[in-house]
Amino acid sequence: IGASSSSCTSCITPYNLYNNSCLVLCPNSTYDSNYVCLSCTTNCVLCTDLSTCTLCGSGFYLINGTCRSSCPSGYYIDSSSSRCLQCVSPCLVCSSRTACSSCQSPSILSNGMCISNCTNGYYSTSLNICVNCTVNNCGFCSEASCSYCISGFYSNYLNGILKYCQSNCIAGTY
């Protein structure tokens, strides 16, 4: 309703007022509020109201109804949906659902996963990361040394320190 089709001040139902025109649907980056098209928040392409975005513009990622240029700590970018998705607990920092780089204590990081204990051949550092033992085929080790070899391997000591885990006994030993 107005002096011309491009100077509307209101529309009859079911049309929506947008930039002095009456439209059947509100355009992208706007939403229908009582038959008036209102702007979504910045960088939002589709929204249901001012506080709920459902699709972000290029280079932005959706999290809790808002668009961000990056994901907060504890979230990663899911490029297929352009959303920030939460890391799987107890992972604190991740780059995907299966690639963790930091774990919540007491969990320990091992090959991109959070685990409760390091497996044979690894030890936990003060940073809660599983690291390979320095002695191959070691069953249990600390940062400094190997305590024993895995089953089927024999201990070879040098100056009272286990230096090697061998598959067969060295000459003169049993």
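Higher on the page you've got the structure.
Since we're looking at a predicted model, the values are computed, not measured.

S.K.: Whenever I open this one, the overall build of the protein chain confuses me. Can you help?
M.R.: Secondary structure assignment for the protein chain yields zero helices and 20 strands. If you line up the protein chain on its principal axes, its C-alpha atoms span 110 × 25 × 20 Å. Of the accessible surface of the protein chain, which amounts to about 11,300 Å², a share of 52% is contributed by carbon and sulfur atoms. The average position of the 4 basic charges and that of the 4 acidic charges among the side chains of the protein chain differ by 14 Å.

S.K.: Help me out: how do you make sense of a nonpolar patch on the surface in this one?
M.R.: Residues Ile12, Tyr15, Val24 and Leu25 make up a contiguous nonpolar surface patch of about 430 Å² in total accessible area. The residue isoleucine 12 is located in the segment before β1 (16-18) in this model.

S.K.: Could you clarify how one ought to interpret the packing of aromatic side chains in this entry?
M.R.: In this description, a pair of aromatic rings is defined by centroid distance and the angle of the planes. Per the stated rule, a full pass over the model turns up one aromatic pair. With a centroid separation of 6.4 Å and 15° between ring planes, the pair formed by phenylalanine 140 and tyrosine 148 is classed as stacked. Residue class for phenylalanine 140 comes out partly exposed when judged on its relative accessible area of 46%.

S.K.: Looking at this structure, how should I read the pairing of strand β17 (residues 138-141)?
M.R.: Along a regular strand, successive side chains alternate from one face of the sheet to the other. Bridging between β17 and strand β18 (residues 146-149) involves three bridges; their strand directions are antiparallel. Bridged to phenylalanine 140 within β18 is tyrosine 148. The loop that links β17 with its antiparallel partner β18 comprises four residues.

S.K.: What exactly am I supposed to notice about the environment of leucine 85 here?
M.R.: With respect to the secondary-structure elements, leucine 85 resides in strand β10 (residues 83-86). Along the backbone, leucine 85 and serine 107 are 22 residues apart, and their C-alpha atoms lie at a distance of 21 Å. Those residues within four positions of leucine 85 in sequence are excluded, and the remaining contacts are Gly74, Tyr75, Tyr76 and Asp78.

S.K.: Help me understand the side chain of asparagine 16, please; the structure alone is not making it clear to me.
M.R.: The topology assignment puts asparagine 16 in strand β1. Relative accessible area serves as the criterion here: at 3%, asparagine 16 is assigned to the buried category. Within the local environment of asparagine 16, its side chain forms a polar contact with the backbone oxygen of valine 24, the two atoms lying 2.9 Å apart. Setting aside anything within four residues of it in sequence, one finds asparagine 16 in contact with Cys11, Ser21, Cys22, Leu23, Val24, Leu25, Cys26, Asp32, Tyr35, Val36 and Cys37.

S.K.: Honestly, the environment of leucine 46 in this entry has me stumped. Any pointers?
M.R.: Mapped onto the fold, leucine 46 is located in strand β5 (residues 44-49). Residue classification places leucine 46 among the partly exposed positions, given a relative accessible area of 36%. The sequence separation of leucine 46 and serine 167 amounts to 121 residues, and the corresponding C-alpha distance is 64 Å. Apart from residues no more than four positions distant in its own chain, leucine 46 is found in contact with Asn28, Cys40, Cys53, Thr54 and Leu55.

S.K.: Please explain the state of the cysteines as it appears in this structure.
M.R.: Defined simply, a disulfide is a covalent bond joining two cysteines at their sulfur atoms. For the structure on display, the rule yields 13 disulfides. Here cysteine 40 pairs with cysteine 47 through a disulfide, and the sulfurs are 1.9 Å apart. The disulfide joining cysteine 40 to cysteine 47 has a torsion of about -85° about its S-S bond and is therefore left-handed. Cysteine 138 shares a disulfide with cysteine 146; S-S distance 2.1 Å. As the torsion about the S-S bond is roughly 105°, the cysteine 138-cysteine 146 disulfide counts as right-handed. Left without a disulfide partner, cysteine 8 is nearest to the cysteine sulfur of cysteine 22, which lies 3.7 Å away.

Calculation criteria
- Residues numbered from 1 in each chain as written.
- Predicted model: local features only at pLDDT ≥ 70, side-chain atom pairs only at ≥ 80, totals over all residues.
- Heavy atoms only, no water.
- Helix = DSSP H or I, 4+ residues; strand = E, 2+ residues; numbered from the N terminus.
- Areas by Shrake-Rupley, 256 points an atom, 1.4 Å probe, with all protein chains shown as cover.
- Lys, Arg positive; Asp, Glu negative; His and termini not counted.
- Charge placed at Lys NZ, Arg CZ, Asp CG, Glu CD.
- Patch = residues over 30% accessible without salt bridge, like charges linked within 9 Å, V, L, I, M, F, W, Y side chains within 5 Å.
- Salt bridge = Lys/Arg side-chain N within 4 Å of Asp/Glu carboxyl O.
- Phe/Tyr/Trp six-rings, centres within 6.5 Å; stacked < 30°, edge-to-face > 60°.
- Buried < 20%, exposed > 50% of the residue type's maximum accessible area, 1.4 Å probe, protein only.
- Pairing = 2+ DSSP bridges.
- Contact = heavy atoms within 4.5 Å.
- Polar contact = N/O pair within 3.5 Å; in protein donor to acceptor, adjacent residues only side chain to side chain.
- Disulfide = S-S within 2.5 Å.

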